[in-house]
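Letter by letter, the chains look like this.
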Amino acid sequence: VDIGSRTCRFGWSGEAKPQHVIPSRSLLSTTATSHFIQRGLVTDWAALEAVWSVVFSSSQAAPEESPVLLADYPGTKDADREKMAEILFEKFGIPNYFVATQSVLALYSCGRTSGLVIDSGYSVTHAMAVHEGYAYPHTVERIDVGGEDIALYLGNLLQDRGADIKELDLDNLQEQVSQVPLDFIQESMRLRARPEEQPAITLPDGNTIALQDEHLRCGEVLFQPGLVGADGSGLDERLWDIVRICEADKEGGPMRTLPQCVILAGGLSQLPGLVPRVRSELEKRSPAARNCFIAALPQDDARNAAWIGGSILPSLSGFVERNFVSRDEYREHGPAAIHHRC
């Protein structure tokens, strides 16, 4: 199960794709909090419990007979992990439980166990290092920027040009036009100096408008979060911080081998120009990055990466028996039992 702020993906392990991909808001009654997960953090546990009820009923699964693997966000607090285990064991009576970080599962989805993972989704972007299937929590970098922020930003930019676009149409429009420039200032100046090269788009109302640099500004948000009012440095600086942590790994530890590859997952990983920009920013800081494998997962795999990785793990021989927390372990140790296994 992969519960996000925009969509919830769930289904049975061993399958290539989730059997259910449902907008998270539609899983709740109109009286419940629609944004029960914000920026990767659970803000309404009662609403989340209601979501679990829908997950089990939609899957036609008896909770007491269904082991659960959950994909959670990088940097999730121990207390939140324990609260989730408490809900599943005590409210639903599941027999076994395992929780894994989305970044680890994204690597498993493409047949890898080590690398630097960038996961950029609807409401938040994370980057972190993973080695041999183990997440390194002290490398987690979080940027409070996602597809929703970029869509609203595009709406504001186009509104300044006289275009009034409904919020419901902004997500699709953002996905169609946003690009990540290799050099924002240079490319923006070029387009403004050559209006004939400005791309024209058709708005939802049928009108046509030539983009000056709005599409480039949308992609640049990942590298300049301040454009949408988010705090902190951009993706380029965050990635380099992770690389430096890996290089400083004491006593020649395993992290010194990272990053041999950089994998991009999540919906925003499909932005045109993002992979070349990531490569360019890393190579500016270290020539060794030229030997690094950098790639975004294919579109469907990118959106479903955490779920696909989560589908693979329980299918491995003996994985459930060796790694899942059993109901008996939970009864003996309480919610803290997950820290012994997960």
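Anyway, here's the lowdown on the structure attached to this text. (Residues numbered from 1 in each chain as written. Predicted model: local features only at pLDDT ≥ 70, side-chain atom pairs only at ≥ 80, totals over all residues. Heavy atoms only, no water.)

## Brief notes about the environment of Arg 194
Right, on to step 1. Within the secondary structure, Arg 194 sits in the loop between α6 (184-193) and β12 (200-202).
Right, on to step 2. Classification of Arg 194 by relative accessible area gives partly exposed; the value is 41%.
Right, on to step 3. C-alpha separation for the pair Arg 194 and Gly 147, spaced 47 residues apart in sequence, amounts to 29 Å. (Helix = DSSP H or I, 4+ residues; strand = E, 2+ residues; numbered from the N terminus. Buried < 20%, exposed > 50% of the residue type's maximum accessible area, 1.4 Å probe, protein only.)

## A few points about the nonpolar core
Right, on to step 1. If you look at the biggest cluster of nonpolar residues, it comprises 43 residues, and the most contacted ones within it are Ile 118, Leu 158, Leu 274, Val 278 and Leu 282.
Right, on to step 2. Secondary structure elements with two or more residues in this core: β8 (115-120), β9 (125-131), α4 (147-159), α5 (167-177), α8 (235-247), β14 (261-265) and α9 (274-285).
Right, on to step 3. Within the second largest apolar cluster, 30 residues are counted, among which are Ala 47, Leu 70, Leu 88 and Tyr 330. (Core = buried A, V, L, I, M, F, W, Y, C linked by side-chain atoms within 4.5 Å.)

## Some words on the pattern of salt bridges
Right, on to step 1. All told, the structure shown has 23 salt bridges when counted by the stated rule.
Right, on to step 2. With a shortest N-O distance of 3.2 Å, Asp 213 and Arg 217 are connected by a salt bridge.
Right, on to step 3. In this structure Arg 217 comes out as partly exposed when scored by relative accessible area, which is 24%.
Right, on to step 4. Linked through salt bridges whose partners overlap, the residues forming this network are Glu 220, Asp 236, Glu 237, Arg 277, Glu 281, Lys 284 and Arg 285. (Salt bridge = Lys/Arg side-chain N within 4 Å of Asp/Glu carboxyl O.)

## Some words on the packing of helix α1 (residues 45-58) against helix α2 (residues 78-91)
Right, on to step 1. The contact between α1 and α2 brings their axes to 11 Å, and the two run at 50°. With respect to α2, the element α1 is oriented oblique. In this structure, α1 crosses over α2, and the sense of that crossing is right-handed. The segment α1 lies against α2, with Trp 45, Leu 48, Glu 49, Trp 52 and Phe 56 engaging Asp 80, Lys 83, Met 84, Ile 87, Leu 88 and Lys 91. (Axes fitted to C-alpha atoms, helices over the stretch in contact; angles between N-to-C directions. Parallel < 35°, antiparallel > 145°, perpendicular 65-115°, else oblique. Left-handed = near helix turned anticlockwise from the far one by under 90°. Contact = heavy atoms within 4.5 Å.)

Note that all results are geometric; they support no functional claim without further evidence.
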